[in-house]
Amino acid sequence: MAQKDQPDIYDIAIVGGGPSGRIAALALAQAGFACALFAPEPAKTDGRTTALWQQSIDLLRETGVWTDIEANAAPLKKMRMIDATGRLFRAPEVTFDSAELGMEVFGFNILNSELNAVLQTYCDQQDNLATYAESVVGATFEPDAARLTTAGGRTVSARLAVAADGRNSLLRESAGIEVKRWSYPQVAVVLNLEHRLPHQHVSTEFHTATGPFTLVPLPGRQSALVCVETADGAEAMLAMAPTQLERELERRAHSILGAFKLASEPQSFPLSGMNARSLVGQRLALVGETAHVFPPIGAQGLNLSLRDILDLRTTLLSARVRQADHGGQAVLAAYENKRRGDIRTRTNAVDLLNRSLLTSFLPVQAARSTGLYLAGKIGPLRRILMREGMTPGSSLRPGG
Ligand SMILES: Cc1cc2nc3c(=O)[nH]c(=O)nc-3n(C[C@H](O)[C@H](O)[C@H](O)COP(=O)(O)OP(=O)(O)OC[C@H]3O[C@@H](n4cnc5c(N)ncnc54)[C@H](O)[C@@H]3O)c2cc1C
């Protein structure tokens, strides 16, 4: 329910109660726009975790939520990649160390359920932001405003609607924005584990012939696992009894963290990709997974979404300075221009990395192994890869 009186027209209506929607709502309300957020209760069943990189943390710090997120998150100091493909061309182990960039940590990893809970609390208390725990069931986009109808029968107008309602977005479809979708022959099995040995804030990614097997630190002696498998392989894992699964996962992790104990129910996510053909429509801007989806490799998805939010906020603020209509066509075109390159680059990079693991084509296997070998040997190259993994374009900037 909204806590504030409903005005005739909001500056911005944000739809979607996932992390993209809530962070967009906080950032835009704090920027001085009169906002409404439509966010049904987030699913408590999401067992995933999210690794947040430095630029995302800066945005969360600026919006005032970081201290509470950090309290529930584990620092990530090193990232280790181990070639476990067992193939002819195998890369040597490579470790990326945040200290090499003069940073204490690359980022932090947090349970999605905890991230969402913190964001929900802050949204409920935010000035300039009316929150409605209701789904949007209808949307029309007219020259002067977006008009939204909620499941509770409410009708709300806004100069701009921000769609953060996820990969099957109703707003995107209502605006007639087409998408390109594709899938991979893989499924991510996701669960959290307790382990006997400390992780020492090192994230470890085993590259296997079916995809990455990644252990990402959580607070204490716990880690989140994302294991990318074939559909049959994932089904077999999900059918295992807990003790059998624990032993199998320890075997795949080469016992680097000692014995495992399941700390959550396994969940599975078929790997797929999606790009919206346009990031904007009349009185509409897309952010987050409403605009782009790709496999959970390299912890890029939400970090990319937060860059959507940063660029959207910058574009809207600059419109306001020029006294331009912040939901008008020219302003939205500027947002689209800012975001296209970053989204394309990240989508292609994740796709390429994933396919390079799956391929049986020897030259591609050799190129991947050589790339990792060079990254291990050549400090400047390694540092460029580390910076680019966190913030695109940063290694090209002076002092980057
Ligand atoms: C296994 C896995 C691991 C991942 N790990 C990482 C990681 O480490 N780092 C990273 O950056 N990214 C990671 N990602 C990606 C990240 O999880 C997603 O990018 C992120 O969850 C997307 O958030 P979102 O808010 O855009 O979309 P969603 O989380 O899908 O939120 C959409 C919200 O909109 C709501 N909604 C839908 N329809 C309506 C409607 N009609 N009205 C109102 N609300 C509506 C839904 O209820 C939902 O709450 C991972 C993804 C997977 C699958």
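Read on for an overview of the structure.

Calculation notes
Residues numbered from 1 in each chain as written. Predicted model: local features only at pLDDT ≥ 70, side-chain atom pairs only at ≥ 80, totals over all residues. Heavy atoms only, no water. Salt bridge = Lys/Arg side-chain N within 4 Å of Asp/Glu carboxyl O. Helix = DSSP H or I, 4+ residues; strand = E, 2+ residues; numbered from the N terminus. Buried < 20%, exposed > 50% of the residue type's maximum accessible area, 1.4 Å probe, protein only. Pairing = 2+ DSSP bridges.

Glancing now at the pattern of salt bridges. Following the criterion strictly, the structure yields 17 salt bridges and no others. Lys78 is paired through a salt bridge with Asp97; the nearest N and O atoms lie 4.0 Å apart. Remark: Asp97 occurs in strand S6 (residues 94-97) and Lys78 occurs in strand S5 (residues 78-83); sequence separation between them is 19 residues. With its nearest N and O atoms 2.9 Å apart, the salt bridge here joins Arg252 to Glu229. Taken together, the residues Arg252 in helix H7 (residues 242-252) and Glu229 in strand S15 (residues 222-229) connect sequence positions 23 residues apart. On the accessibility criterion, Arg252 (21% relative accessible area) is partly exposed. By relative accessible area, which is 8% here, Glu229 ends up buried. Several salt bridges share partner residues, and in doing so they unite Arg307, Asp308, Asp311, Arg339 and Asp342 into one network.

This part covers the pairing of strand S14 (residues 211-218). Most of S14 sits inside the fold, with eight of its eight residues counted as buried. As paired elements, strand S13 (residues 202-208) and S14 share five bridges and run antiparallel to each other. Within S14, the residue paired with Phe206 across the bridge is Phe213. Counting the residues in the hairpin turn of S13 and S14 gives two residues. Bridging between S14 and S15 involves six bridges; their strand directions are antiparallel. For Thr214, the partnering residue across the bridge sits in S15 and is Val226. The turn linking S14 back onto S15 is made up of three residues, and Gly220 within it adopts a positive phi angle of 75°.

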